[in-house]
Amino acid sequence: MRQPSYAASIHPRWPFTIHRIRQDMQSSACMSIRVSRIILAAKLPLILSLGLLLGACTRNVPLFELMSPEQTGITFANTLTPAETLNTYVFRNFYNGGGVAIGDLNHDGLADVFLTGNQVSNRLYINLGNFRFEDVTQQAGLHSAGAWTTGVSMVDINGDGWLDLYLSKSGPPGGPKRHNELFVNQHDGTFVEMAHEYGIAFQTLGIHASFFDYDGDRDLDTYVLSNPVRSLDDLQPAPNLRQLPDPDGGNRLLRNDDGQFTDVTTASGIYSSKIGFGLGVSVADLNRDGWTDLYVSNDFFEHDYLYLNQNGTFIDVGTSATQTMSLSSMGGDIADYNGDGWPDIFISDMLPDLPWRYQSRIAFPSWPAYLKSVADGYHHQATRNTLQLNRGPLPDGQIRFSEVSRVAGLESTDWSWGGLIADFDLDGQRDIFVPNGIFKDLLDQDFISRASNADSLRSLFLAHEEPILKLLEQVPSRALPNHMFAGSSDLHFEDVSQQWGLATPGFSTGAAYGDLDNDGDLDLVINNVNMPAFIYRNHATEHFPERGRLQIKLHGKAPNTFGVGAQVSVWATGRQWYTEQYLQRGFQSSVDPVLHFGFTEGLDSVIIQWPHGERQLITDIQSNRRLIVLESQ
């Protein structure tokens, strides 16, 4: 195989497939026959005919096919059982659910799946191919019964080229596994826990952690997202609270000093106060100056933080760079959705999209209360998803965003958790997937009205030995569909959840994407509360054989072996597809490190700006391939 001088290799990862229809008395099904070594020049008419036949066969199947546990071998369900002493009244994050991570942990060329559990053990499923997975949790040393895990971050922590696992912990205090855990890959299918050795074994109400190089020294630092231990009922908005560090919890920025992490939170300008109830941290180079910036999504009354990196220290410019933020920010994603080369920000909130739920769930603050919140420094916040369109630096040199969620048509998705921006149908436009649902809807206004009646509460507590559990039985529990919004060239999004096969009702939280079957499109794995995980197989390459695709796998120099922070631009006929390599995305989750692009034009070139390093230009690119790019030594 040819090895170009620019240290890139092109691998045909997706063999052509012939599909024919076999009909019998009971069913009709598509049969697949693999054809290898097809010479395109000689077989082009045949391929076009097969494409038409393939389309006729596969378009009866939705774009995303929900695979059963029997089909995949993934039987994980994040089952939660409340008790009188541990429930959503005692522990506010009880139903926040778990995360998902996708990546090749054993170097066999197939993306594996890791799901976190709260009251059940985490599970690692090794990819066997053909959408079959094997549970290897026990033999890998990853069984976690008795530990409440929330977020999962895949990262090469020691620069050996193998993905490791960093797990955020929460729940009741105590127990040998209550601290955040770091499982270092031993290259033999097993992992060793080493969080204390690296200095990141925190015992907090952990949410997630993101890994990136914030100071330009080429190793990966981390932002550890945690919630304050103190009850929200004890807090009232007041000026300047965010400047007061919380000694019992709070967020942390940690610098990697040769494998030992040093807390540089205060010195770097990062807030860690008792009002920062963060549910997501997203990273990107928002102003394209070569330094990684941060966006922290805060629930409740505190505004989100938009930290611009000032060559190793940070300044929060959120209130000057945006006009409005989400009020109950639930995490999100950052990506260039309109193709102008500037990363945009999507943050999910809790605005219902159904009129009856809107009327039964939403209680807006009074106008005087809103004005006081703004005056006290909490910025303009609205109960809706926000899509911050990056306008780039203006003449004054400052970065600005326009909040366009209502123009784009994706402001309301109900009780949502994060979001993922990617091209799921390979049409060259980025789409947005939003997980959705809460198992017990404590915001239901009818329930709140009943539960606020003192006489009724007194009677309930006198009549039952476990009154809290009895009260929880009255809280509404309704499964909700997830949302998928298809992007378009006019910046408007269309809700295609039902059309694409993604509207199965559930209680979804963390989600991640990756190409689980190496066919060139992005599959989805979704962690659900009290029901099996959703495993969705994407049929985009079969539905749209005329659309091109390109995968890029980055091999960076140690210690940043996955090229975290690299900026990649794919060019075709004057159009740009821009993306940045960061693995932690959405809510409590990590996506596959392999980058994906869909397009309808022929490719011109790929430009890779390595983090704090060289720029590489790659030309003569063929579509429908995986491009493996090595950073120059």
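Please read these numbers as outputs of a predicted model, since none were measured by experiment. (Residues numbered from 1 in each chain as written. Predicted model: local features only at pLDDT ≥ 70, side-chain atom pairs only at ≥ 80, totals over all residues. Heavy atoms only, no water.)

Right, let's talk about the domain arrangement of the chain for a bit. Each assigned domain of the chain is listed here: domain 1 (71–441 + 477–543) and domain 2 (550–630). With centres defined by C-alpha atoms, the gap from domain 1 to domain 2 works out at 22 Å. Contact with domain 1, which involves 68 residues of that partner, is made by 36 residues of domain 2. For the pair domain 1 and domain 2, the summed buried area comes to about 4000 Å², and 50% of that belongs to carbon and sulfur atoms. Taken together, the links from domain 1 to domain 2 amount to one salt bridge. Measuring nitrogen to oxygen at the nearest pair gives 2.7 Å for the salt bridge that ties Asp333 to Arg585. (Domains from an automatic or database assignment. Contact = heavy atoms within 4.5 Å. Buried area = accessible area lost by both parts, 1.4 Å probe. Salt bridge = Lys/Arg side-chain N within 4 Å of Asp/Glu carboxyl O.)

Quick look at the environment of Pro467 now. Take Pro467: it is sitting in helix H11 (residues 467–473). By relative accessible area, which is 9% here, Pro467 ends up buried. Not counting residues up to four positions away in its chain, the partners in contact with Pro467 are Glu84, Leu460 and Phe461. (Helix = DSSP H or I, 4+ residues; strand = E, 2+ residues; numbered from the N terminus. Buried < 20%, exposed > 50% of the residue type's maximum accessible area, 1.4 Å probe, protein only.)

As a further point, take the nonpolar core. Judged by nonpolar contacts, the single largest core of 89 residues is most densely connected at Tyr223, Phe424 and Leu524. Both domains that meet at this core, namely domain 1 (71–441 + 477–543) and domain 2 (550–630), each give it at least three residues. Among the nonpolar cores identified, the runner-up in size contains 19 residues, and Ile552, Ala566, Val570 and Ile608 belong to it. (Core = buried A, V, L, I, M, F, W, Y, C linked by side-chain atoms within 4.5 Å.)

Mapped onto the fold, His543 is located in helix H12 (residues 540–543). For His543, a relative accessible area of 6% gives the class buried. A sequence separation of 482 residues divides His543 from Val61, and the C-alpha atoms of the two residues are 8.8 Å apart. A polar contact is formed between the side chain of His543 and the backbone oxygen of Val61, at a distance of 2.9 Å. (Polar contact = N/O pair within 3.5 Å; in protein donor to acceptor, adjacent residues only side chain to side chain.)

A complete count under the given rule lists seven cavities of 30 Å³ or more for this structure. Of the pockets and cavities examined, the largest cavity occupies roughly 200 Å³. In terms of lining residues, the largest cavity is bounded by 20 residues, among which Ile421, Tyr513, Thr579, Leu595 and His596 are the most central. Elements that contribute at least two residues to the lining of the largest cavity include exactly strand E22 (332–335), strand E27 (420–422), strand E38 (575–580) and strand E41 (595–599). Partitioning the lining of the largest cavity into residue classes produces 12 nonpolar, three polar and five charged. Residues lining the lining of the largest cavity come from more than one domain, with at least three contributed by each of domain 1 (71–441 + 477–543) and domain 2 (550–630). (1 Å grid on protein atoms, 1.4 Å probe; cavity = no way out; pocket = protein on both sides within 12 Å on 5 of 7 lines; lining within 4 Å. Points joined across faces, edges and corners; volume = space filled by probe spheres on them. Nonpolar A, V, L, I, M, F, W, Y, C, P; charged D, E, K, R; others polar.)

With that out of the way, let us pick up the pattern of salt bridges. Scanning all chains against the criterion turns up 17 salt bridges. Here Arg123 and Asp135 are joined by a salt bridge, their closest N and O atoms 3.2 Å apart. Here the residue Arg123 occupies a position in strand E7 (residues 123–129), and Asp135 occupies one in strand E8 (residues 132–135), the gap between them amounting to 12 residues. Judged by its relative accessible area of 29%, Asp135 is partly exposed. In this structure, Arg255 engages Asp257 in a salt bridge whose closest nitrogen and oxygen atoms are separated by 2.8 Å. With a relative accessible area of 28%, Arg255 lands in the partly exposed category. Through salt bridges with shared partners, a single network forms among Arg357, Asp414 and Asp441.

Now for the confidence of the model for the chain. Summing up the model confidence of the chain, the mean pLDDT is 89 and the portion of residues at 70 or higher is 90%. For residues 1–56, every residue scores under 50 in pLDDT, and the model assigns this stretch 80 contacts once sequence neighbours within four places are set aside. (pLDDT = per-residue confidence, 0-100.)

Attention now moves to the pairing of strand E43 (residues 615–619). Burial of E43 is one-sided: the residues Gln616 and Ile618 facing one way are buried, the residues Arg615, Leu617 and Thr619 facing the other way are not. Where strand E42 (residues 605–609) and E43 come together, five bridges link them in antiparallel fashion. Directly across from Ser605, in E43, lies its bridge partner Thr619. As consecutive antiparallel partners, E42 and E43 are separated by five residues, and within that stretch His612 has a phi angle of approximately 55 degrees, a positive value. (Pairing = 2+ DSSP bridges.)

Glancing now at helix H7 (residues 367–378). Spanning 12 residues, H7 covers only 14 Å between terminal C-alpha atoms, well under the ideal 16 Å at 1.5 Å per step. Positive phi appears at His379, one or two residues downstream of H7, with a value of about 65 degrees. (Expected span 1.5 Å × (residues − 1).)

Taken as a whole, this structure holds 24 aromatic pairs when the rule is applied. Three or more aromatic residues link up through ring pairs in this structure, and these residues are Phe64, Phe424, Trp500, Tyr513, Phe534 and Tyr536. One cation-aromatic arrangement involves Arg547 over Phe544; the distance from NZ or CZ to the ring centre is 3.7 Å. (Phe/Tyr/Trp six-rings, centres within 6.5 Å; stacked < 30°, edge-to-face > 60°. Lys NZ or Arg CZ within 6 Å of the ring centre and 35° of its normal.)

Reading across from one edge, E13-E14-E15-E16 is the order of the four strands in this open sheet, with antiparallel pairing throughout. The open sheet terminates on both sides in strands that have one partner only, identified here as strand E13 (205–212) and strand E16 (260–263). For this sheet the average axis-to-axis angle between neighbouring strands, irrespective of direction, equals 30 degrees. Sheet topology note: the strand E15 (residues 252–257)/E16 ladder contains four bridges and is antiparallel. (Axes fitted to C-alpha atoms, helices over the stretch in contact; angles between N-to-C directions.)

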